[in-house]
Amino acid sequence: MVNPTEVRQPTGRPQAATGGASRQFHTSVLIKPTSSRCNLDCSYCFYLAKAAMYPWGDHPTLSLDTFDKFLSQYVPMSAPYLTFMWQGGEPTMMGLPFFQDAYRLQKEHARRVNPVLTPPVTNSIQTNGTLLNDDWAKFFKESDFLVGISLDGPPDMHDQFRRDRTARPTFDRVMNGIEVLRKHDVPFNILCVVNRVNVEQPRELFAWLVAQEFTDIQFIPCVEPAEGAHSAEEGITDESITPEQFGEFLCQVFDAWVETGIANVRLRWYDNIIQRLWGFPSEMCTMSPACGYLVLEHNGDCYPCDFFVQDDQLLGNIHNTPLREMVGGRSFIEFGQTKAKLHDECARCPWLSLCYGECPRYRITASGSAEHTLPYFCESYKRMFSEKYPELERLSIESGRTLGLAVQQRAIPADERTAKRTPSFEQVLEVAKRSRTGRNDACPCGSGRKFKRCCQRQV
Ligand code: SF4
Ligand code: SF4
């Protein structure tokens, strides 16, 4: 299943920069301030099951003390790249005063690292939107938060699986939250879970999202083995979709996107492919060669990815294990390398340089193992690429031409399909414009630094 409040995948993979005693380790952090506690009860949410590890009866809540302790180690280690993603459960259940204090703490720690050139702090929050009001929106605007809203389409699609704890529909409350964000000019994107219902109506879904004037959309496919099954081979849950359905969905949505005009709507997955064809790194970990970022649970426990918040992946607790020890430890390093343990078919696949064998979680879903196995949606991607690659390439050539990028043609070998060269400064700026790179996003040049601290700074 998916986490209905799933935040955008991290934009930066961990990067170690050599520097002797002052060795830095840049990574983003995903924070679970309420653990899995949520005011909704979406039937496909995988994170709700974490209540078994962190029971709601204990009222899991991130304290400012724990956050302060984390910041005191994370900020000096990762500065000047300080990227925080708030997620749940439902993070807004913490209440606005907590976020105001947490933001103040972030700034204080950033200032401590460099009082003159204080590193910027980037925050994003993934929310179901139902608790938002004017005060929240003002705070998000003033503090430069990027907001992700979980919305599965119009009421007949959204309310199918996204209900509250008394089984009431939530669509109207989510749309109210969106209205409040719009009123205060807060930037937001839509995260849409592709489930058994909306997967059958890709064009209707896309047309509806466009009609709402949503311009930044991400689709996440829903799949989980059925209760008692060890893998999807033995059966999938009622909400889940099949690879065949998702392949059809990807193709149909792609066609609808092209008809709408790719410059008018940002569809994250396709945009990332085009960006890869231009020769730039993907901003999505699922389409990157390696895994790993940091997850901070409410009590200070740290993990390498929120799909792997489980006992055997615990890196340590911030109250008793130094953060540098966690990210330098064997489990974190081995976790990062798992993605590269490809199935033979992936290693030979013409689409490897775009797909990288997908997210290991979907390999586990398919077969029970993350190593040397095929992901559940492999067939969907193969269909999409084999049917739409020529069009994707044409779009990347066309849009690339206006940016002065010469994208290589189809005849080239797969591993060279994405251009391997250093882009010019002007090209980076154009790509940033095209992909709406924010000041605090990773710089498209691939340096791993924030845009405003890298190429944008030179403007
Ligand atoms: S397992 Fe890897 S690719 Fe999948 S979400 Fe986690 S870090 Fe990203
Ligand atoms: S399309 Fe399938 S075989 Fe090819 S790289 Fe992706 S997961 Fe592997």
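Up top is the structure these notes are about.
Every value quoted in this text rests on a predicted model; they were computed, and no experiment measured them.

Trainee: For this particular structure, what's the right way to read the overall build of the chain?
Mentor: Broken down by element type, the chain carries 15 helices and 12 strands. Buried positions account for 48% of the 459 residues belonging to the chain. The long-range fraction of contacts in the chain, counting pairs at least 24 apart against all pairs at least 6 apart in sequence, stands at 70%.

Trainee: I would appreciate a short explanation of the site of ligand 2 in the present structure.
Mentor: Among the 13 residues in the neighbourhood of ligand 2, the closest are listed as Cys346, Cys349, Cys355, Cys378 and Tyr381. Elements that contribute at least two residues to the shell around ligand 2 include exactly α11 (344-348), α12 (352-355) and α14 (378-402). Ranked by residues supplied to the shell around ligand 2, first place goes to α14 with three residues. Of the residues that constitute the shell around ligand 2, the class distribution is nine nonpolar, one polar and three charged.

Trainee: Quick question: what am I supposed to make of the packing of helix α1 (residues 64-78) against helix α2 (residues 96-113) here?
Mentor: Look at α1 against α2: their axes get within 10 Å of each other, and the N-to-C directions meet at 30 degrees. With respect to their mutual orientation, α1 and α2 come out roughly parallel. By crossing handedness, the relation of α1 to α2 is classed as right-handed. Contact residues: Leu64, Phe67, Asp68, Leu71, Ser72, Val75 and Pro76 in α1; Asp101, Ala102, Leu105, Gln106, His109, Ala110 and Val113 in α2. For the contact of α1 with α2, the residue count by class is nine nonpolar, three polar and two charged.

Trainee: For this particular structure, what's the right way to read the nonpolar core?
Mentor: The tendency in soluble globular proteins is for nonpolar side chains to be buried as a group. The biggest cluster of nonpolar side chains holds 113 residues, and the ones touching the most others in it are Val29, Ile31, Val147, Cys192, Val194, Val295 and Cys302. Sequence-distant contacts of Val295, defined by excluding residues within four places in its chain, comprise Leu30, Lys32, Cys302, Tyr303, Cys305, Asp306 and Val309.

Trainee: How should α1 be read in this particular structure?
Mentor: Two residues of an α-helix separated by three or four positions point the same way, owing to the 3.6 residues in each turn. The first and last C-alpha atoms of α1 sit 20 Å apart over 15 residues, in line with the 21 Å expected at 1.5 Å per residue. Where α1 bends most, at Leu71, the angle is about 30 degrees. Along α1, the positions that sit buried rather than exposed are Thr66, Phe67, Phe70, Leu71, Tyr74, Val75 and Ser78.

Trainee: What am I meant to see in unusual backbone geometry here?
Mentor: Trans is the common state for peptide bonds, and a negative phi is the common state for residues other than glycine. Here the residue pair Ala79 and Pro80 is connected by a cis peptide bond, since its omega of 10 degrees sits within 30 degrees of zero. Position of Pro80 among the secondary structure elements: in the loop between α1 and β4 (82-86). The omega angle of the peptide bond from Gly88 to Gly89 is 5 degrees, so this bond is cis rather than trans. When you line up the elements, Gly89 lands in the loop between β4 and α2. Backbone geometry at Glu213 places phi at a positive 65 degrees, although glycine is not the residue there. For Glu213, a count of 9 C-beta atoms within 10 Å corresponds to the exposed category. For Tyr356, which is not a glycine, the phi torsion comes out positive at approximately 55 degrees. Relative to the assigned elements, Tyr356 resides in the loop between α12 and α13 (360-367). Taking the C-beta count within 10 Å as the criterion, Tyr356 has 23 such neighbours and is therefore assigned buried.

Trainee: Help me understand the sheet that holds strand β11 (residues 301-303), please; the structure alone is not making it clear to me.
Mentor: Consider a sheet: its strands pair through backbone hydrogen bonds, and that pairing is either parallel or antiparallel. The mixed open sheet is built from 10 strands, whose spatial order is β9-β8-β7-β6-β5-β4-β3-β10-β11-β12. The sheet is open, and its two borders are formed by β9 (266-267) and β12 (316-317), each paired with just one other strand. Sheet topology places β4 next to strand β5 (residues 121-127); five bridges connect them, and they run parallel. Opposite Phe84, over in β5, you have Asn123 as the bridge partner.

Rules behind the numbers
Residues numbered from 1 in each chain as written. Chains lettered and ligands numbered in written order. Predicted model: local features only at pLDDT ≥ 70, side-chain atom pairs only at ≥ 80, totals over all residues. Helix = DSSP H or I, 4+ residues; strand = E, 2+ residues; numbered from the N terminus. Buried ≥ 20, exposed ≤ 12 C-beta atoms within 10 Å, placed from the backbone. Contact = placed C-beta atoms within 7 Å. Near = placed C-beta within 6 Å. Nonpolar A, V, L, I, M, F, W, Y, C, P; charged D, E, K, R; others polar. Axes fitted to C-alpha atoms, helices over the stretch in contact; angles between N-to-C directions. Parallel < 35°, antiparallel > 145°, perpendicular 65-115°, else oblique. Left-handed = near helix turned anticlockwise from the far one by under 90°. Core = buried A, V, L, I, M, F, W, Y, C linked by C-beta atoms within 7 Å. Expected span 1.5 Å × (residues − 1). Bend = angle between axes of the 7 residues up to and from the residue. Pairing = 2+ DSSP bridges.

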